[in-house]
Each structure stands twice: as structure tokens, then as C-alpha cells.
Amino acid sequence: MGLFDHSIEVILHNQDKSGAYVACPNFPTYHFCWLRDGSFIAYSMDRVNQHESAERFYRWVGTTIERYSGKVDVLAEQLKAGKTPDNDGILNTRFTLNGLEENSESQWGNFQVDGYGSWLWGLAEHVRLTGNYALLAVLKEPILTTLRYLKLVWQLPNYDCWEEHPEYLHPYSLATTYGGLDAMSKLKKSGHLDFCDLDVEGFAQQVKQFLMDHAIFDGKFVKHIAPAKATKAFSPLTQSGVDSSLLGLVIPYGAFDLNDPVVLQTVAAIEKDLHLPGGGVYRYKEDVYYGGGEWILLTAWLGWYYAMVGNTAKARDLLQWIERVADKKGDLPEQVSEHVLSARNIELWVKEWGPIATPLLWSHAMHIVLVKAIEEGDK
Ligand code: BGC
């Protein structure tokens with residue numbers, strides 16, 4: 001079996017009967033389903049006509065959000081009273097495979113907004129690719145809850161997609177919100193979201209404008225935005241350096257065009273600072289998690305970008321590296337430690353949580369997405 005088929009197999013095999021995708025079956029800390037990982041995984045299944053798998057995931061998300069939708073009322077009250085939202089009001093970033101919040105003693109930073117935009121984007125792709133628009137009516141309540149939630153939280157500081165820096169806002173997370181809203185607004189325009197009264201298009205434009213106003217410095221996207229304080233407005237965090245997740249602003253969330261000068265400058269910065277020549281892609285320069293290795297999913301993401309702009313040669317180079325680092329079984333890890341940024345930090349994490357998460361379903365999903373993007377670029 002080739003790596004492509006193995007990637008599909010790993011994902012299907014590790015989808016729970018509930019519809020949830022476990023982030024990694026062999027890494028206890030990742031025995032949960034994240035909306036972030038899950039949306040990309042479901043998207044990859046849609047790309048290979050495994051639509052039933054994707055649908056089961058979206059239905060799982062729907063039931064899970066409905067289960068906790070009462071928290072959004074609490075959140076609205078908290079914000080009205082000028083309070084900082086707490087666990088009673090925020091929707092979690094990850095859930096058990098049964099769609100439950102994890103043990104409340106966990107200190108996990110659950111306030112991560114990005115997964116909520118991501119699932120709306122992924123769902124829209126699913127119905128576009130399958131024509132199953134009826135699913136939108138089935139998921140009416142969770143869609144409306146998500147839109148209401150995003151309206152309340154989009155300008156609040158929250159954890160980024162690497163589950164760090166809760167003190168800031170993040171262009172990546174804002175772009176997922178944009179992507180989700182933009183997708184919903186298109187569905188509304190085509191008459192498939194008649195149950196939604198919210199001006200989704202106006203909201204999407206507001207988020208995009210916010211990104212244009214606050215996410216750019218020196219011709220490139222920044223990783224973080226400092227929140228508005230009593231005396232100071234939102235401002236790009238100029239010292240934060242580039243982060244490979246900024247690719248998400250372009251694909252898949254489409255907040256900026258593939259050839260926008262700011263995108264080109266940001267990709268050039270990722271190439272210079274975070275892409276090891278002939279190798280993979282790092283998250284960001286100061287990364288110490290498992291020593292800060294090259295991430296499969298980011299390497300595939302950069303390849304996806306190149307395939308989309310027609311540079312299939314570069315996309316193929318990145319794909320080849322991914323194929324080379326798969327283990328004997330064909331499993332793909334979260335990251336590869338051949339050239340880490342901070343070697344002394346590897347042991348520390350191995351002691352804490354065990355060997356690097358392998359197979360990581362999100363890595364396999366992005367591998368599938370890259371292969372399909374190259375195939376399309378070649379047509
Ligand atoms: C990453 C997240 C990811 C999670 C599960 C974390 O280490 O920072 O982006 O969602 O693992 O894969």
C-alpha cells in the first residue's frame with residue numbers, strides 16, 4: 001500500500017464510532033478530538049470521496065456544540081457584566097470522543113477560537129463537494145450557536161492554534177473566523193441558509209478589515225495582535241516574527257489572495273526563517289515543543305500553497321520530504337527531530353508526555369490534501 005492509501009486508512013481506522021477523529025491514537029495527551037485538527041481531517045476525507053466519514057464528523061460536531069450551547073448565554077451575560085469570560089462561558093477547543101468536555105480539573109487552555117471558524121469552513125466545503133445541502137438544516141442549531149459565539153468572542157484575546165499566548169489575538173484565528181463566515185455568507189446568498197438572520201457577509205467583511213488594519217507590519221503578516229486596552233488600540237505585535245500557520249490566511253481561509261504582495265512577503269519570510277532547505281517546515285523560530293522540529297502538516301501546507309500558485313515543482317519537493325520521513329509502517333508523526341531548533345528540550349517533553357505523537361491524523365490529512373492539490377495543479 002502506498003503512503004497515500006495508508007494516510008486514508010489511518011484516518012478511517014481512527015475515526016471513533018461517534019464520528020470524532022482522535023488527534024493521535026498513541027499519545028495519551030491527544031486522545032481527544034480537536035475542532036481544528038478534525039476540520040482538516042474531514043476536509044481530506046471529502047477530497048478522496050470518503051464523504052460519509054466527513055459527514056459523521058460534522059454531525060458529531062453539531063451534537064457536541066448543541067450539548068454546550070447554553071454556555072453561550074452565560075458568556076453573553078459575562079461580557080455584558082464586563083467580566084473576563086471563564087470556563088463557564090467559553091466553548092472548548094477539544095472534547096472527548098464522546099463529545100464531552102474533559103475533566104474539569106484539567107488546566108488545558110481551552111479558549112481557542114479558531115476551531116469554530118474552521119468547522120464552518122469545512123462544513124461548507126463538505127456540502128459543496130457532496131451537494132448535501134440538507135445537512136445544513138440538520139445542523140441549524142450548532143451553526144447558529146457558532147455564529148453567535150464568534151460574534152461575541154472574535155475580538156477577545158485567546159490561545160493561538162499552537163495553544164499558546166492567550167494574552168493576544170492571532171491573525172490565523174481571525175482568518176479562520178473570516179473563512180467560516182465567508183463560506184456561510186456564500187451559502188446564504190445561494191439560498192441554502194435561509195434560517196440565518198445574521199448579516200454574515202457584513203460580519204465577514206468586518207473581520208477582514210480588522211486583519212487589514214491590525215495584522216500587517218513591514219509588508220508582512222504578524223503572528224499576534226495586542227488587544228485593545230483602555231488607552232491603547234489593537235496593534236500588530238511587531239517583534240513576534242513569522243509563523244508558518246500564517247499560510248492559513250490564504251489557504252484555505254481566503255482572507256487574502258494567493259498573490260497579494262503581503263502574502264508573497266510572508267511566504268518569503270517563512271521560506272527564509274522556517275523552511276529548512278531540502279527539509280521540512282518549522283512552526284516558529286522560538287519553538288521548544290519536543291525541541292522544535294519540522295512539522296509534517298506545515299510542510300504539506302506550504303506545498304499546498306505552491307500547488308495553488310502553480311509551482312508544482314516546489315510542491316513535489318515538499319511532498320518528497322514527507323514521504324521520506326514516514327516511518328516503516330507509513331505512519332506520519334507530528335514533527336520530525338532530525339534538525340531541531342532546541343535539542344535540549346526534547347528529553348523534557350519525552351519524559352512529560354512520551355515519544356512524539358505518531359501517527360498524527362492531521363499530518364496524514366495534510367499529506368492527502370497536498371497530493372490532491374498537486375494532482376489538480378497538473379491537470
Ligand atoms: C498543537 C495543536 C493541535 C494539537 C493536537 C498541539 O500540540 O499545538 O495545534 O491541535 O496538538 O494535534
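Here, every reference points to the structure presented above.
These lines cover the structure that appears in this document, whether it is placed above or below.

What counts, and where the lines are drawn
- Residues numbered from 1 in each chain as written.
- Predicted model: local features only at pLDDT ≥ 70, side-chain atom pairs only at ≥ 80, totals over all residues.
- Heavy atoms only, no water.
- Axes fitted to C-alpha atoms, helices over the stretch in contact; angles between N-to-C directions.
- Helix = DSSP H or I, 4+ residues; strand = E, 2+ residues; numbered from the N terminus.
- Parallel < 35°, antiparallel > 145°, perpendicular 65-115°, else oblique.
- Left-handed = near helix turned anticlockwise from the far one by under 90°.
- Contact = heavy atoms within 4.5 Å.
- Nonpolar A, V, L, I, M, F, W, Y, C, P; charged D, E, K, R; others polar.
- Expected span 1.5 Å × (residues − 1).
- Salt bridge = Lys/Arg side-chain N within 4 Å of Asp/Glu carboxyl O.

1. Topic: the packing of helix α3 (residues 51-68) against helix α5 (residues 114-130)
Point 1. Between α3 and α5, whose axes approach to 11 Å, the crossing angle comes to 140 degrees. Classified by the angle between their axes, α3 and α5 sit oblique to one another. For the pair α3 and α5, the sense of crossing is left-handed. Between α3 and α5, the residues in contact are H51, A54, E55, Y58, V61 and I65 and Y116, W119, G122, L123, H126, L129 and T130, respectively.
Point 2. Per-class residue counts for the contact of α3 with α5 are eight nonpolar, four polar and one charged.

2. A short note on helix α9 (residues 200-214)
Point 1. Counted at 1.5 Å a residue, the expected span for α9 with its 15 residues is 21 Å, and the 21 Å between its end C-alpha atoms agrees.
Point 2. Taken together, the buried residues of α9 touch α7 (140-153), α8 (171-189), β3 (216-217), β5 (225-226) and β6 (235-236).

3. Points about the pattern of salt bridges
Point 1. Per the counting criterion, the structure on display carries 18 salt bridges.
Point 2. A salt bridge links E52 to R56; the nearest nitrogen and oxygen atoms lie 3.7 Å apart. On the criterion of helical spacing, the pair formed by E52 and R56 is a turn pair, its members being four residues apart in helix α3.
Point 3. Among the salt bridges present, the one from K223 reaches D243, with a minimum N-O distance of 2.8 Å. With K223 in the loop between β4 (220-221) and β5 and D243 in the loop between β6 and α10 (261-274), this pair connects stretches of sequence that are 20 residues apart.
Point 4. What you see here is one network of salt bridges that share partners, running through R36, D114 and E163.

Everything listed here is a matter of coordinates, which is why it stays silent on function.
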